[in-house]
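Below are the chains, spelled out letter by letter.
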Amino acid sequence: MRSARPAGNRPPRTVTSSFARIERRVQNEQSARERRVIRDPAQAAGIYLTGALILVGGLAVVTLRNLYRAGVALALTLLMAALLFLLLGAPLVGLVELVGGVAGVGFMLLGSLIYLRRRGVAGIDPDRRLRPLSILAALAAFTLLAVGLSGARWAAGSWPEAGGSVAMLAGEIGQRYAVALDGLAILLVAALVGAFVLGGRESSDADTTPGGHRKSQRPRGRST
Amino acid sequence: LLLSTGLFSIGIYGLLTRRHAVALLMSTQLMLAAVIIALVAFARFTYQPAQPLAGQALAVFIIGVAVAEVIVGTALARRVPRQ
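Residues numbered from 1 in each chain as written. Chains lettered and ligands numbered in written order. Predicted model: local features only at pLDDT ≥ 70, side-chain atom pairs only at ≥ 80, totals over all residues. Heavy atoms only, no water.

## A look at the overall build of chain B
- What chain B contains, in helices and strands, is three helices and zero strands.
- Along chain B, from the amino end to the carboxyl end, the secondary structure elements read α-α-α.
- As displayed, chain B offers around 2,800 Å² of accessible surface, 70% of which is attributable to carbon and sulfur atoms. (Helix = DSSP H or I, 4+ residues; strand = E, 2+ residues; numbered from the N terminus. Areas by Shrake-Rupley, 256 points an atom, 1.4 Å probe, with all protein chains shown as cover.)

In structure tokens, the structure reads:
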């Protein structure tokens, strides 16, 4: 209940202040409407559940000592991220994440771990000396980013539907970002070539003794 | 955005804690996933009529860069424990 104020204490009402008040009220209503961008409760519940699973998976990736389990947790985390993109209305990004992130990254890391195990390198990460400092650094980064992002305002507008967004995104990537797409292709090819060169050097190092002789060279004078 | 912030912080924690090369790669992948989630969230909520899908396009490119990073990183990780 509003209390009656004496007329003498009331600030002078001008046209400018009235306009400013109306503009502020419109902005507040608009921002309140924009906060409810996701109106479907099932979609919102799915997003929250997927987000929680992503956080749990991320914690498992960095805390599990067994790196194989950590790799599986990473693959599941990226799978949940792909599902989150689908729920957010970005199906093409979700599909790319599924192929590149889950299949590519997950299986490459797990394959690398299996290869290292065959070479006698254990898949256990025992070092835990930096833990308190690391927790402090992570908390500081979280605080800094959360404060920085707290002022983000959502703009009004609606995305195209899922199928339309795929077609639009493919069109944009093929037309507006064609040079960037070519750059990405060159980067991937360069990475593949670099990986092959590193792998070839490794195999030649493994086959060479410290004296420079190849291990695989059969000793002379002996028959098979 | 809070989710991406939390995931990025978890990645930083893993990057500072872990010592195994493959584990470091996993932590960087977590951080990249956080960046991609933030990009898609920004693209979802900060709608721009002129370029409505610019954030999604950038997210696709970042996924490609992440794959390239893992390709080189795994090749390096195979060499590092030997030296």
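## A short note on the overall build of chain A
- The number of helices and strands found in chain A is seven helices and zero strands.
- By residue count, 27% of the 224 residues in chain A fall in the buried class.
- Contacts in chain A between residues far apart in sequence, at least 24 positions, make up 60% of those at least 6 positions apart. (Buried < 20%, exposed > 50% of the residue type's maximum accessible area, 1.4 Å probe, protein only. Contact = heavy atoms within 4.5 Å.)

## Some remarks on the packing of helix α4 (residues 91–118) of chain A against helix α3 (residues 54–79) of chain B
- The geometry of α4(A) relative to α3(B) is characterised by a closest axis approach of 10 Å and an angle of 5 degrees between their N-to-C directions. Taken together, the axes of α4(A) and α3(B) lie roughly parallel to each other. Facing α4(A), whose interface residues are V93(A), V96(A), E97(A), G100(A), V105(A), M108(A), L109(A), S112(A), Y115(A) and L116(A), α3(B) presents Q56(B), A59(B), V60(B), I63(B), V67(B), V70(B), I71(B), T74(B), A77(B) and R78(B).
- Among the residues making up the contact of α4(A) with α3(B), the classes are represented as 14 nonpolar, four polar and two charged. (Axes fitted to C-alpha atoms, helices over the stretch in contact; angles between N-to-C directions. Parallel < 35°, antiparallel > 145°, perpendicular 65-115°, else oblique. Nonpolar A, V, L, I, M, F, W, Y, C, P; charged D, E, K, R; others polar.)

## Re the confidence of the model for chain B
- On average, residues of chain B score 79 in pLDDT, and 87% of them are at 70 or above.
- Confidence metrics for the complex model read pTM 0.69 and ipTM 0.84. (pLDDT = per-residue confidence, 0-100.)

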